[in-house]
Amino acid sequence: MTTHWSDDAACRNSDPEELFADSTRQRRAKAICTACPVRTRCLAEALDNGIEFGVWGGMTERERRALLKRQPHVASWRKLLERVRSEHERAHKG
């Protein structure tokens, strides 16, 4: 049985109000993402699908908008983020 990436998310049992908090409470929502095993997939989902609200993959809507504005030609955020994560992990092994 295949599961969706969100089944492994650190926030899966969190109150949705925490993840869609106003700017003063977003720091707490972002903290949930810090050690999440699917953080990259979550962020890619939001970026690739233009999700406008909430904290996804440790980024607020404002942070995602700024990233999209700086990098308008990225065709697949999932591929890019997974490649960058893989390169980072390889560089920090050993």
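Just above sits the structure.
Everything in this summary refers to the structure shown in the same document. These figures come from a predicted structure and were not determined experimentally.

1. Regarding the overall build of the protein chain
Part 1 of the reasoning: If you tally the helices and strands in the protein chain, you get 5 helices and 0 strands.
Part 2 of the reasoning: N-terminal to C-terminal, the α/β element order of the protein chain is α-α-α-α-α.
Part 3 of the reasoning: Radius of gyration (C-alpha) of the protein chain: 14 Å, near the 12 Å computed for a compact globule of 94 residues.
Part 4 of the reasoning: If one aligns the C-alpha atoms of the protein chain with their principal axes, the spans along those axes are about 35 × 35 × 30 Å.
Part 5 of the reasoning: For the protein chain, the residues scored as buried account for 28% of the 94 residues in total.
Part 6 of the reasoning: Pairs at least 24 residues apart make up 48% of the contacts formed inside the protein chain by residues separated by at least 6 positions.

2. Some thoughts on the packing of helix α3 (residues 39-48) against helix α5 (residues 77-91)
Part 1 of the reasoning: One way to put it is that α3 packs onto α5 with a least axis distance of 8 Å and a crossing angle of 150 degrees. Viewed along their axes, α3 and α5 adopt a mutual orientation that is roughly antiparallel. For the pair α3 and α5, the crossing hand works out as right-handed. Side by side, α3 and α5 meet where Thr 40, Arg 41, Leu 43, Ala 44, Leu 47 and Asp 48 of the first sit next to Trp 77, Arg 78, Leu 81, Glu 82 and Arg 85 of the second.
Part 2 of the reasoning: Tallied by class, residues from the contact of α3 with α5 come to 5 nonpolar, 1 polar and 5 charged.

3. Observations regarding the environment of Ala 46
Part 1 of the reasoning: Along the chain, the position of Ala 46 falls in helix α3.
Part 2 of the reasoning: With a relative accessible area of 1%, Ala 46 lands in the buried category.
Part 3 of the reasoning: As for Ala 46 and Pro 72, which are separated by 26 residues in sequence, their C-alpha atoms are 15 Å apart.
Part 4 of the reasoning: When neighbours within four sequence positions are excluded, Ala 46 is seen to be in contact with Ile 51, Trp 56 and Arg 64.

Here is what the cut-offs are and how they apply
Residues numbered from 1 in each chain as written. Predicted model: local features only at pLDDT ≥ 70, side-chain atom pairs only at ≥ 80, totals over all residues. Heavy atoms only, no water. Helix = DSSP H or I, 4+ residues; strand = E, 2+ residues; numbered from the N terminus. Rg over C-alpha atoms; globule rule 2.2 N^0.38 Å. Buried < 20%, exposed > 50% of the residue type's maximum accessible area, 1.4 Å probe, protein only. Contact = heavy atoms within 4.5 Å. Axes fitted to C-alpha atoms, helices over the stretch in contact; angles between N-to-C directions. Parallel < 35°, antiparallel > 145°, perpendicular 65-115°, else oblique. Left-handed = near helix turned anticlockwise from the far one by under 90°. Nonpolar A, V, L, I, M, F, W, Y, C, P; charged D, E, K, R; others polar.

By themselves, these observations are geometric and do not establish any function.
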